[in-house]
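# Structural overview
In case you want the letters, here they are:
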Amino acid sequence: MPVINYREALRHAMAEELDRDPNVLIMGEEVGQFNGAYKVTKGLLEKFGPARVADTPISEAGFIGMGIGASMLGVRPVMELMFWSFYSVAFDQILNNAANVRYMSGGQINCPIVIRGPANGGTNVGATHSHTPENVLANHPGVKVVVPSTAYDAKGLLKSSIRDNDPVFFLENTILYGDKGEVPDEEYLIPLGKADVKREGKDLTIVTYGRPVIQSLAAAELLAKEHDISVEVVDLRTIRPLDIDTVLASVRKTHRVLVVEEQKPFCGVGAQLTYMIQAEAFDDLDAPIARLCTIDAPAIYSPPVEAEQLPNPQRILKAALAVLD
């Protein structure tokens, strides 16, 4: 099976969908001539031409609004945000219009748009470029929120997102763009709303998504080698819809839970997840549910300090040991 990186997996997904469906378009700042701010769309303009891969002005409110309007007329735009931090510029378009149009039209108008781009800290670009808004996005009925952790998942989930008839917000991580993994040549889809057990275990369940999956797997290795502790790592992959059944099955096996997320703790995804676990599996728990989040402050510019602000293997290891104490 070929080994490609996360960035290439996203590119392959878009290329395959552009080939498959003439209604699919790529739009965003510098996605064409510059090959994308992170080179995710490299070569797509050359292959598919400016009618299918279009550079837009530096106006998120303008081009996201244009994409939403196009999607309501049957086009399937894949819109790139240079940073998901800039979603706030187009908040009205994304969460007031796209999220509600299908409901408010009585199901007569769909909005099959994908908005994708990086949403993460850890790259020392400051607080205004380091948001992880999946909790804000998922709070709005009518949308889907996807946060892949591997190249394999990124491709399969993006293809499913492009084919979906609702707005899909696809949150990537710039630090993962170079991570490599096995990705088959033959076409495959990963359904939205299906979690994946990335590592089997029996002593503790870690529930996570995005880059913290990679950090949690590293911590699980350390816990196995240094403490003889068997950790199960559940990757949510999609925040909305949320696969609570896979999470609960793991909890009922291990009886202890640590939720790890690159979110601030207040009103984060982990808060909702913790509530859902205790509501459905309280009697299966042998200890209180624990959460490990990004330290509750704006993203710190200093590289060594920001590395400690985010979840990392040592912070996860310490939190896991506390749950098992």
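Read on for an overview of the structure. Just so you know, these numbers come straight off a predicted model, no measurement behind them.

What counts and what doesn't
- Residues numbered from 1 in each chain as written.
- Predicted model: local features only at pLDDT ≥ 70, side-chain atom pairs only at ≥ 80, totals over all residues.
- Heavy atoms only, no water.
- Helix = DSSP H or I, 4+ residues; strand = E, 2+ residues; numbered from the N terminus.
- Rg over C-alpha atoms; globule rule 2.2 N^0.38 Å.
- Buried < 20%, exposed > 50% of the residue type's maximum accessible area, 1.4 Å probe, protein only.
- Contact = heavy atoms within 4.5 Å.
- Pairing = 2+ DSSP bridges.
- Axes fitted to C-alpha atoms, helices over the stretch in contact; angles between N-to-C directions.
- Expected span 1.5 Å × (residues − 1).
- Parallel < 35°, antiparallel > 145°, perpendicular 65-115°, else oblique.
- Left-handed = near helix turned anticlockwise from the far one by under 90°.
- Nonpolar A, V, L, I, M, F, W, Y, C, P; charged D, E, K, R; others polar.
- 1 Å grid on protein atoms, 1.4 Å probe; cavity = no way out; pocket = protein on both sides within 12 Å on 5 of 7 lines; lining within 4 Å.
- Points joined across faces, edges and corners; volume = space filled by probe spheres on them.

## Focus on the overall build of the chain
- Each helix and strand counted, the chain has 12 helices and 14 strands in total.
- By the compact-globule yardstick of 20 Å for 325 residues, the chain fits well, its C-alpha radius of gyration being 19 Å.
- Across its three principal directions, the C-alpha atoms of the chain cover 60 × 40 × 40 Å.
- Across the 325 residues of the chain, 55% fall into the buried class.
- In the chain, the share of contacts with a sequence separation of at least 24, taken over all contacts with a separation of at least 6, comes to 81%.

## Re the sheet that holds strand β5 (residues 114-118)
- On the basis of which strands lie adjacent, the open sheet formed by seven strands has the order β3-β2-β4-β5-β7-β6-β12 and mixed pairing. A strand with exactly one partner marks an edge of an open sheet, and here the two such strands are β3 (53-55) and β12 (238-240). Along the sheet, successive strands turn relative to each other by an average axial angle of 20°, direction set aside.
- Pairing analysis gives three bridges linking strand β4 (residues 76-80) to β5, with the strands arranged parallel. Within the sheet, the bridge partner assigned to Val-78 lies in β5 and is Val-114.
- In the packing of helix α7 (residues 151-163) onto the sheet, the strands contacted are β2 (24-28), β4, β5, β6 (144-146), β7 (168-172) and β12, and the crossing angle to β7 comes to about 160°.

## Concerning helix α8 (residues 211-227)
- For α8, built from 17 residues, the straight-helix expectation of 24 Å at 1.5 Å per residue is met to within 8% by its first-to-last C-alpha distance of 24 Å.
- Along α8, the residues that are buried comprise Arg-211, Pro-212, Val-213, Gln-215, Ser-216, Ala-219, Ala-220 and Leu-223.
- Residues of α8 that are buried sit in contact with β9 (196-199), β10 (204-208), β11 (231-235), β13 (257-260) and α12 (313-324).
- Of the residues trailing α8, Asp-228 is marked for its positive phi of about 55°.

## Here's the deal with the packing of helix α9 (residues 244-254) against helix α10 (residues 269-281)
- Orientation of α9 relative to α10, taken along the N-to-C sense of each, is 60°, at an axis distance of 10 Å. Between α9 and α10, the interaxial angle falls into the category oblique. Handedness of the crossing formed by α9 with α10: right-handed. Contact residues: α9 offers Ile-244, Val-247, Leu-248, Val-251 and Arg-252, while α10 offers Leu-273, Met-276, Ile-277, Glu-280 and Ala-281.
- Of the residues in the contact of α9 with α10, the class split is eight nonpolar, no polar and two charged.

## Observations regarding the layout of surface pockets
- Approximately 300 Å³ is the volume found for the largest pocket.
- Around the largest pocket, the lining comprises 13 residues; the ones closest to its centre are Ala-138, Asn-139, Ile-239, Val-269 and Gln-272.
- Of all the elements in the fold, those that place two or more residues in the lining of the largest pocket are α6 (134-138), β12 and α10.
- Here the lining of the largest pocket gets five residues from one element, more than from any other, and that element is α10.

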